[in-house]
Amino acid sequence: MATINSNYNKLKAGYLFPEIARRTKEFQEKNPGVEIMRLGIGNTTEPLAPHVIEGLHRGVDKLAKVETYTGYGDEQGNTSLRKAIAEAYKSRLNVTLEPTEIFISDGAKCDSANIQTIFGTNNIVAVQDPAYPVYVDTNIIAGREIVYMPCNEKNYFFPEIPSVKVDLIYLCSPNNPTGAVPTRQELYEFVKYAKQNKAVIIFDAAYSEYISNPSLPKSIYEIDGAKECAIEVNSFSKSAGFTGVRLGFTIVPYALVAEDTTAGRVNQMWNRRQTTFFNGASNIVQEGGLSAMDATGYVQNMDTVRYYMENARIIRHGLMDKFVVYGGKDAPFLWVKTPNGMDSWKFFDKMLEEAHVVITPGSGFGPSGEGFFRVSAFGHRSNVEKAVVSIQKNLRV
Ligand SMILES: Cc1ncc(COP(=O)(O)O)c(C=O)c1O
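Just so it is clear, the model here is predicted, and its values are computed rather than measured.

### Some words on the state of the cysteines
Applying the stated criterion to the full structure yields zero disulfides. Free cysteine: Cys110, not disulfide-bonded; nearest cysteine sulfur from Cys172 at 16 Å. Given a relative accessible area of 27%, Cys110 falls into the partly exposed group. Note on Cys151: no disulfide assigned, nearest cysteine sulfur contributed by Cys172 at a separation of 10 Å.

### Brief notes about the environment of Val164
Within the element layout of this structure, Val164 appears in the loop between β4 (145–150) and β5 (168–172). Between the C-alpha atom of Val164 and that of Tyr132, which follows or precedes it by 32 residues, the distance is 22 Å. Once residues within four sequence positions are removed from consideration, Val164 is found in contact with Val147 and Tyr193.

### A look at the domain arrangement of the protein
We note that the domain assignment places domain 1 (8–47 + 297–394) and domain 2 (52–296) within the protein. Taking only C-alpha atoms, the centre of domain 1 and the centre of domain 2 are 26 Å apart. A combined buried area of about 3,100 Å² lies between domain 1 and domain 2, and 58% of that area is made up of carbon and sulfur atoms. When the buried surface of domain 1 facing domain 2 is broken down by residue, Tyr298, Asp330 and Phe365 rank first, second and third, together holding 22% of it. Taken together, the connections running from domain 1 to domain 2 amount to one salt bridge. Where domain 1 packs against domain 2, one counts 19 residue pairs in polar contact (both at pLDDT 80 or more). Counting residues per element, the ones that place at least two in the side of domain 1 that touches domain 2 are α10 (295–319), β9 (325–327), β10 (333–337) and β13 (372–376). Of the residues forming the side of domain 1 that touches domain 2, the biggest block, nine residues, is contributed by α10. Here the side of domain 1 that touches domain 2 is built from residues that sort into 20 nonpolar, 11 polar and five charged.

About the cut-offs
Residues numbered from 1 in each chain as written. Predicted model: local features only at pLDDT ≥ 70, side-chain atom pairs only at ≥ 80, totals over all residues. Heavy atoms only, no water. Disulfide = S-S within 2.5 Å. Buried < 20%, exposed > 50% of the residue type's maximum accessible area, 1.4 Å probe, protein only. Helix = DSSP H or I, 4+ residues; strand = E, 2+ residues; numbered from the N terminus. Contact = heavy atoms within 4.5 Å. Domains from an automatic or database assignment. Buried area = accessible area lost by both parts, 1.4 Å probe. Salt bridge = Lys/Arg side-chain N within 4 Å of Asp/Glu carboxyl O. Polar contact = N/O pair within 3.5 Å; in protein donor to acceptor, adjacent residues only side chain to side chain. Nonpolar A, V, L, I, M, F, W, Y, C, P; charged D, E, K, R; others polar.

And the structure:
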(Lines give C-alpha, C1' and ligand atoms only; values in the text may rest on other atoms or scores of the structure.)
Protein backbone atom coordinates (compact mmCIF):
# COMPACT_ATOMS: atom_id res chain seq x y z
CA MET A 1 0.00 0.00 0.00
CA ALA A 2 1.44 3.34 -1.04
CA THR A 3 1.55 6.12 1.52
CA ILE A 4 2.23 9.78 0.90
CA ASN A 5 4.93 12.00 2.31
CA SER A 6 2.81 13.36 5.14
CA ASN A 7 5.19 16.29 5.59
CA TYR A 8 3.22 17.91 2.74
CA ASN A 9 0.36 18.22 5.25
CA LYS A 10 2.55 20.50 7.33
CA LEU A 11 2.91 23.10 4.56
CA LYS A 12 0.94 26.30 4.95
CA ALA A 13 -2.12 26.11 2.71
CA GLY A 14 -2.14 28.24 -0.42
CA TYR A 15 1.12 29.50 -1.79
CA LEU A 16 1.44 33.27 -1.66
CA PHE A 17 1.17 34.11 -5.35
CA PRO A 18 -1.89 31.97 -6.14
CA GLU A 19 -3.68 33.73 -3.27
CA ILE A 20 -2.66 37.14 -4.65
CA ALA A 21 -3.94 36.06 -8.08
CA ARG A 22 -7.24 34.84 -6.57
CA ARG A 23 -7.90 38.11 -4.71
CA THR A 24 -6.90 40.19 -7.73
CA LYS A 25 -9.20 38.19 -10.03
CA GLU A 26 -12.08 38.50 -7.58
CA PHE A 27 -11.59 42.28 -7.41
CA GLN A 28 -11.39 42.53 -11.22
CA GLU A 29 -14.63 40.55 -11.62
CA LYS A 30 -16.44 42.82 -9.17
CA ASN A 31 -14.95 45.93 -10.80
CA PRO A 32 -14.81 45.26 -14.57
CA GLY A 33 -13.40 48.40 -16.26
CA VAL A 34 -10.93 49.21 -13.47
CA GLU A 35 -7.27 49.15 -14.54
CA ILE A 36 -5.17 47.11 -12.12
CA MET A 37 -1.48 48.02 -11.77
CA ARG A 38 0.98 45.38 -10.64
CA LEU A 39 3.91 45.96 -8.36
CA GLY A 40 3.62 42.46 -6.96
CA ILE A 41 5.42 39.47 -8.45
CA GLY A 42 9.15 39.81 -9.13
CA ASN A 43 8.91 38.86 -12.78
CA THR A 44 11.08 40.58 -15.40
CA THR A 45 9.33 42.60 -18.11
CA GLU A 46 11.97 44.09 -20.42
CA PRO A 47 13.27 42.42 -23.61
CA LEU A 48 16.52 40.50 -23.64
CA ALA A 49 19.73 42.29 -24.60
CA PRO A 50 20.44 42.18 -28.38
CA HIS A 51 23.76 40.40 -27.81
CA VAL A 52 22.01 37.67 -25.80
CA ILE A 53 19.37 37.30 -28.50
CA GLU A 54 22.24 36.73 -30.97
CA GLY A 55 23.59 34.01 -28.69
CA LEU A 56 20.19 32.30 -28.52
CA HIS A 57 19.89 32.47 -32.32
CA ARG A 58 23.37 30.97 -32.59
CA GLY A 59 22.18 28.13 -30.35
CA VAL A 60 19.21 27.47 -32.65
CA ASP A 61 21.32 27.70 -35.82
CA LYS A 62 23.79 25.16 -34.47
CA LEU A 63 20.98 22.63 -34.29
CA ALA A 64 20.24 23.08 -38.00
CA LYS A 65 23.53 21.62 -39.24
CA VAL A 66 24.91 18.12 -38.84
CA GLU A 67 28.40 19.50 -38.11
CA THR A 68 27.24 21.58 -35.13
CA TYR A 69 24.19 19.63 -33.93
CA THR A 70 24.29 18.48 -30.28
CA GLY A 71 21.92 16.23 -28.37
CA TYR A 72 22.26 15.53 -24.66
CA GLY A 73 25.05 17.56 -23.16
CA ASP A 74 26.87 17.17 -19.86
CA GLU A 75 24.38 17.20 -16.98
CA GLN A 76 26.70 19.62 -15.16
CA GLY A 77 26.55 22.09 -18.06
CA ASN A 78 28.70 23.01 -21.04
CA THR A 79 32.38 23.35 -20.20
CA SER A 80 32.56 26.65 -22.08
CA LEU A 81 29.81 28.17 -19.94
CA ARG A 82 31.25 26.82 -16.69
CA LYS A 83 34.61 28.36 -17.69
CA ALA A 84 32.98 31.68 -18.62
CA ILE A 85 31.29 31.86 -15.21
CA ALA A 86 34.58 31.05 -13.45
CA GLU A 87 36.32 33.79 -15.47
CA ALA A 88 33.58 36.30 -14.64
CA TYR A 89 33.89 35.55 -10.89
CA LYS A 90 37.65 36.09 -11.22
CA SER A 91 37.56 39.30 -13.26
CA ARG A 92 34.57 40.94 -11.55
CA LEU A 93 34.91 39.75 -7.96
CA ASN A 94 38.46 38.41 -7.70
CA VAL A 95 37.07 35.03 -6.67
CA THR A 96 38.93 31.98 -7.99
CA LEU A 97 36.77 28.98 -8.89
CA GLU A 98 37.37 25.77 -10.81
CA PRO A 99 34.85 25.35 -13.65
CA THR A 100 34.09 21.89 -12.19
CA GLU A 101 32.90 23.57 -8.99
CA ILE A 102 30.12 25.21 -11.06
CA PHE A 103 26.99 23.24 -11.98
CA ILE A 104 24.70 24.73 -14.62
CA SER A 105 20.97 24.25 -14.12
CA ASP A 106 17.64 25.47 -15.37
CA GLY A 107 17.30 28.00 -12.56
CA ALA A 108 18.03 28.96 -9.00
CA LYS A 109 14.60 27.90 -7.75
CA CYS A 110 15.26 24.22 -8.50
CA ASP A 111 18.78 24.41 -7.12
CA SER A 112 17.79 26.20 -3.92
CA ALA A 113 14.98 23.65 -3.53
CA ASN A 114 17.06 20.56 -4.36
CA ILE A 115 20.32 21.32 -2.59
CA GLN A 116 18.92 20.19 0.78
CA THR A 117 18.51 16.63 -0.57
CA ILE A 118 22.24 15.96 -0.22
CA PHE A 119 22.13 16.78 3.51
CA GLY A 120 20.81 14.65 6.38
CA THR A 121 17.16 14.96 7.31
CA ASN A 122 18.10 15.46 10.95
CA ASN A 123 19.95 18.69 10.15
CA ILE A 124 18.48 21.77 11.80
CA VAL A 125 17.83 24.51 9.28
CA ALA A 126 18.11 28.25 9.91
CA VAL A 127 16.37 30.65 7.54
CA GLN A 128 16.12 34.39 7.37
CA ASP A 129 12.65 35.49 8.32
CA PRO A 130 11.24 36.86 6.01
CA ALA A 131 12.69 34.94 3.06
CA TYR A 132 11.97 33.39 -0.33
CA PRO A 133 9.45 30.67 0.67
CA VAL A 134 11.26 27.84 -1.19
CA TYR A 135 13.87 27.38 1.57
CA VAL A 136 11.32 26.73 4.32
CA ASP A 137 8.87 24.70 2.26
CA THR A 138 11.43 22.29 0.80
CA ASN A 139 12.90 21.63 4.23
CA ILE A 140 9.45 21.10 5.73
CA ILE A 141 8.75 18.58 2.96
CA ALA A 142 12.00 16.82 3.88
CA GLY A 143 10.90 16.76 7.53
CA ARG A 144 13.55 19.05 8.96
CA GLU A 145 13.25 21.37 11.93
CA ILE A 146 13.31 25.08 11.03
CA VAL A 147 14.79 27.87 13.12
CA TYR A 148 13.68 31.33 12.03
CA MET A 149 16.25 34.12 12.15
CA PRO A 150 14.15 37.29 12.50
CA CYS A 151 15.08 40.20 10.23
CA ASN A 152 13.54 43.42 11.44
CA GLU A 153 14.04 47.15 11.78
CA LYS A 154 16.26 46.65 14.84
CA ASN A 155 18.85 44.56 12.98
CA TYR A 156 18.45 46.39 9.66
CA PHE A 157 16.86 43.24 8.24
CA PHE A 158 19.97 41.08 8.50
CA PRO A 159 19.89 38.50 11.30
CA GLU A 160 22.23 37.94 14.19
CA ILE A 161 24.05 34.59 14.06
CA PRO A 162 21.81 31.82 15.47
CA SER A 163 21.79 31.52 19.26
CA VAL A 164 21.16 27.76 19.01
CA LYS A 165 23.26 25.23 17.08
CA VAL A 166 22.05 24.87 13.50
CA ASP A 167 23.44 22.85 10.59
CA LEU A 168 22.18 24.40 7.36
CA ILE A 169 21.85 28.17 7.05
CA TYR A 170 20.05 29.86 4.16
CA LEU A 171 21.14 33.41 3.40
CA CYS A 172 19.83 35.41 0.48
CA SER A 173 21.59 38.61 -0.58
CA PRO A 174 20.11 40.93 -1.69
CA ASN A 175 17.27 39.44 0.27
CA ASN A 176 13.93 38.78 -1.31
CA PRO A 177 11.70 40.36 0.07
CA THR A 178 13.48 42.95 2.25
CA GLY A 179 16.14 44.11 -0.24
CA ALA A 180 18.71 43.98 2.59
CA VAL A 181 22.35 43.28 1.73
CA PRO A 182 24.77 42.19 4.48
CA THR A 183 28.13 43.90 4.83
CA ARG A 184 31.36 41.92 4.54
CA GLN A 185 31.66 41.92 8.32
CA GLU A 186 28.12 40.61 8.79
CA LEU A 187 28.75 37.80 6.31
CA TYR A 188 32.09 37.07 7.92
CA GLU A 189 30.30 36.45 11.26
CA PHE A 190 28.16 33.80 9.57
CA VAL A 191 31.17 32.21 7.86
CA LYS A 192 32.96 32.10 11.22
CA TYR A 193 29.91 30.51 12.87
CA ALA A 194 29.56 27.95 10.07
CA LYS A 195 33.21 26.94 10.27
CA GLN A 196 33.14 26.67 14.06
CA ASN A 197 29.98 24.55 13.99
CA LYS A 198 30.66 22.59 10.76
CA ALA A 199 27.46 24.10 9.41
CA VAL A 200 26.86 24.77 5.71
CA ILE A 201 25.60 28.11 4.38
CA ILE A 202 23.41 28.06 1.27
CA PHE A 203 23.87 31.51 -0.18
CA ASP A 204 21.31 32.64 -2.75
CA ALA A 205 22.84 35.38 -4.89
CA ALA A 206 20.05 35.54 -7.50
CA TYR A 207 19.87 39.36 -7.23
CA SER A 208 23.58 40.06 -6.74
CA GLU A 209 23.91 42.16 -9.91
CA TYR A 210 21.53 44.71 -8.34
CA ILE A 211 24.16 45.60 -5.73
CA SER A 212 25.70 48.88 -6.83
CA ASN A 213 27.43 49.87 -3.58
CA PRO A 214 31.02 48.67 -4.22
CA SER A 215 31.70 48.03 -0.54
CA LEU A 216 29.00 45.32 -0.36
CA PRO A 217 29.87 41.72 -1.33
CA LYS A 218 28.12 40.15 -4.35
CA SER A 219 29.36 36.64 -3.66
CA ILE A 220 29.91 34.88 -0.33
CA TYR A 221 33.28 33.75 -1.69
CA GLU A 222 34.51 37.33 -1.32
CA ILE A 223 34.65 36.45 2.38
CA ASP A 224 37.77 34.59 3.59
CA GLY A 225 37.10 30.97 4.46
CA ALA A 226 33.67 30.83 2.76
CA LYS A 227 34.69 28.10 0.33
CA GLU A 228 35.05 25.73 3.27
CA CYS A 229 31.47 26.26 4.41
CA ALA A 230 29.28 27.79 1.70
CA ILE A 231 27.38 26.78 -1.42
CA GLU A 232 26.31 29.62 -3.71
CA VAL A 233 23.19 29.50 -5.89
CA ASN A 234 22.83 31.99 -8.73
CA SER A 235 20.57 32.72 -11.67
CA PHE A 236 20.42 34.37 -15.07
CA SER A 237 16.78 35.27 -14.39
CA LYS A 238 17.19 38.70 -12.89
CA SER A 239 20.64 39.59 -14.25
CA ALA A 240 19.83 38.70 -17.88
CA GLY A 241 16.03 38.51 -18.02
CA PHE A 242 15.99 34.69 -18.24
CA THR A 243 12.93 34.22 -15.99
CA GLY A 244 11.17 32.45 -18.87
CA VAL A 245 14.29 31.26 -20.70
CA ARG A 246 15.56 29.37 -17.59
CA LEU A 247 19.23 29.18 -16.62
CA GLY A 248 21.02 29.16 -13.28
CA PHE A 249 24.02 27.66 -11.56
CA THR A 250 25.23 26.40 -8.22
CA ILE A 251 28.79 26.52 -6.93
CA VAL A 252 29.92 23.71 -4.66
CA PRO A 253 33.59 24.32 -3.81
CA TYR A 254 35.94 21.37 -3.40
CA ALA A 255 37.05 22.86 -0.08
CA LEU A 256 33.54 22.57 1.39
CA VAL A 257 33.22 20.18 4.30
CA ALA A 258 30.28 18.99 6.38
CA GLU A 259 30.43 17.35 9.81
CA ASP A 260 30.93 13.86 8.37
CA THR A 261 32.83 14.51 5.13
CA THR A 262 36.24 15.50 3.93
CA ALA A 263 36.88 18.11 1.21
CA GLY A 264 35.53 17.21 -2.22
CA ARG A 265 32.75 14.89 -1.07
CA VAL A 266 29.91 17.46 -1.11
CA ASN A 267 30.92 18.55 -4.62
CA GLN A 268 30.88 14.89 -5.65
CA MET A 269 27.46 14.36 -4.07
CA TRP A 270 25.90 17.34 -5.88
CA ASN A 271 27.44 15.99 -9.08
CA ARG A 272 25.84 12.61 -8.34
CA ARG A 273 22.51 14.22 -7.53
CA GLN A 274 22.44 16.29 -10.70
CA THR A 275 23.58 13.49 -13.00
CA THR A 276 20.90 11.24 -11.52
CA PHE A 277 17.93 13.63 -11.44
CA PHE A 278 18.71 16.22 -14.14
CA ASN A 279 19.56 15.95 -17.81
CA GLY A 280 21.27 19.29 -18.34
CA ALA A 281 20.06 22.77 -19.22
CA SER A 282 18.91 23.46 -22.79
CA ASN A 283 21.80 23.74 -25.26
CA ILE A 284 20.14 26.77 -26.92
CA VAL A 285 19.78 28.52 -23.58
CA GLN A 286 23.37 27.80 -22.58
CA GLU A 287 24.51 29.45 -25.83
CA GLY A 288 22.48 32.51 -24.82
CA GLY A 289 24.07 32.26 -21.37
CA LEU A 290 27.53 32.39 -22.91
CA SER A 291 26.63 35.67 -24.59
CA ALA A 292 25.19 37.00 -21.33
CA MET A 293 28.52 36.25 -19.59
CA ASP A 294 30.82 37.95 -22.08
CA ALA A 295 31.80 41.62 -21.86
CA THR A 296 29.25 42.90 -24.40
CA GLY A 297 26.41 40.87 -22.89
CA TYR A 298 27.28 42.03 -19.40
CA VAL A 299 27.31 45.71 -20.36
CA GLN A 300 23.95 45.39 -22.13
CA ASN A 301 22.39 43.42 -19.27
CA MET A 302 23.56 45.96 -16.73
CA ASP A 303 21.64 48.63 -18.68
CA THR A 304 18.47 46.66 -18.01
CA VAL A 305 19.42 46.19 -14.35
CA ARG A 306 19.82 49.98 -14.10
CA TYR A 307 16.42 50.45 -15.77
CA TYR A 308 14.77 48.38 -13.01
CA MET A 309 16.79 50.20 -10.37
CA GLU A 310 15.50 53.52 -11.71
CA ASN A 311 12.00 52.07 -11.23
CA ALA A 312 13.03 51.27 -7.65
CA ARG A 313 14.16 54.87 -7.15
CA ILE A 314 10.86 56.21 -8.52
CA ILE A 315 8.84 53.94 -6.23
CA ARG A 316 10.99 54.78 -3.22
CA HIS A 317 10.67 58.50 -3.85
CA GLY A 318 6.93 58.22 -4.48
CA LEU A 319 6.18 56.21 -1.35
CA MET A 320 8.43 57.99 1.13
CA ASP A 321 5.83 60.63 2.07
CA LYS A 322 3.24 58.08 3.12
CA PHE A 323 5.34 55.17 4.35
CA VAL A 324 8.49 53.99 6.06
CA VAL A 325 10.41 52.45 3.14
CA TYR A 326 13.39 50.06 3.26
CA GLY A 327 15.38 48.31 0.51
CA GLY A 328 15.33 49.38 -3.13
CA LYS A 329 18.88 50.75 -3.08
CA ASP A 330 20.92 47.64 -3.90
CA ALA A 331 17.95 45.42 -4.70
CA PRO A 332 14.91 45.46 -6.99
CA PHE A 333 12.57 45.13 -3.99
CA LEU A 334 11.28 47.69 -1.52
CA TRP A 335 10.16 46.59 1.89
CA VAL A 336 7.51 48.91 3.25
CA LYS A 337 5.84 49.18 6.64
CA THR A 338 2.05 49.02 6.60
CA PRO A 339 0.49 52.14 8.10
CA ASN A 340 -0.72 52.01 11.71
CA GLY A 341 0.44 48.42 12.15
CA MET A 342 -2.22 47.14 9.74
CA ASP A 343 -2.00 43.44 8.95
CA SER A 344 -0.31 42.62 5.63
CA TRP A 345 -3.28 40.96 3.88
CA LYS A 346 -5.72 43.67 5.08
CA PHE A 347 -3.38 46.24 3.62
CA PHE A 348 -3.11 44.24 0.38
CA ASP A 349 -6.93 44.49 0.03
CA LYS A 350 -6.94 48.20 0.87
CA MET A 351 -4.21 48.93 -1.69
CA LEU A 352 -6.11 46.98 -4.35
CA GLU A 353 -9.47 48.58 -3.56
CA GLU A 354 -8.32 52.19 -3.21
CA ALA A 355 -5.26 52.51 -5.50
CA HIS A 356 -5.89 49.46 -7.74
CA VAL A 357 -2.29 48.44 -7.18
CA VAL A 358 -1.18 44.86 -6.45
CA ILE A 359 1.60 44.54 -3.90
CA THR A 360 2.86 41.45 -2.03
CA PRO A 361 1.86 41.01 1.63
CA GLY A 362 4.95 40.65 3.80
CA SER A 363 3.46 37.89 5.94
CA GLY A 364 3.68 35.56 2.93
CA PHE A 365 7.47 35.51 3.40
CA GLY A 366 7.48 34.44 7.06
CA PRO A 367 6.20 35.52 10.48
CA SER A 368 8.49 38.59 10.69
CA GLY A 369 7.05 39.84 7.39
CA GLU A 370 3.76 40.65 9.13
CA GLY A 371 3.13 44.40 9.13
CA PHE A 372 5.13 44.93 5.92
CA PHE A 373 4.56 44.68 2.20
CA ARG A 374 6.93 44.12 -0.70
CA VAL A 375 6.96 46.30 -3.78
CA SER A 376 8.73 44.99 -6.87
CA ALA A 377 10.65 47.29 -9.21
CA PHE A 378 10.24 44.90 -12.14
CA GLY A 379 7.83 46.48 -14.63
CA HIS A 380 7.50 48.89 -17.52
CA ARG A 381 8.37 52.44 -16.51
CA SER A 382 4.98 53.86 -17.51
CA ASN A 383 3.13 51.27 -15.38
CA VAL A 384 5.39 51.89 -12.41
CA GLU A 385 4.84 55.65 -12.68
CA LYS A 386 1.08 55.22 -13.02
CA ALA A 387 0.97 52.94 -9.98
CA VAL A 388 2.97 55.39 -7.87
CA VAL A 389 0.71 58.30 -8.86
CA SER A 390 -2.36 56.25 -8.04
CA ILE A 391 -0.99 55.35 -4.59
CA GLN A 392 -0.18 59.00 -3.93
CA LYS A 393 -3.62 60.23 -5.07
CA ASN A 394 -6.01 57.50 -4.08
CA LEU A 395 -4.67 55.60 -1.06
CA ARG A 396 -6.13 56.93 2.19
CA VAL A 397 -3.54 56.57 4.94
C1 LIG B 1 15.67 34.67 -3.89
C2 LIG B 1 15.33 33.98 -5.15
N3 LIG B 1 16.05 32.92 -5.52
C4 LIG B 1 15.77 32.26 -6.65
C5 LIG B 1 14.72 32.65 -7.46
C6 LIG B 1 14.38 31.85 -8.68
O7 LIG B 1 15.31 32.00 -9.68
P8 LIG B 1 15.19 31.21 -11.04
O9 LIG B 1 14.28 32.00 -11.93
O10 LIG B 1 16.58 31.13 -11.54
O11 LIG B 1 14.62 29.86 -10.75
C12 LIG B 1 13.95 33.74 -7.12
C13 LIG B 1 12.84 34.14 -7.99
O14 LIG B 1 12.06 34.99 -7.79
C15 LIG B 1 14.26 34.42 -5.93
O16 LIG B 1 13.53 35.46 -5.54
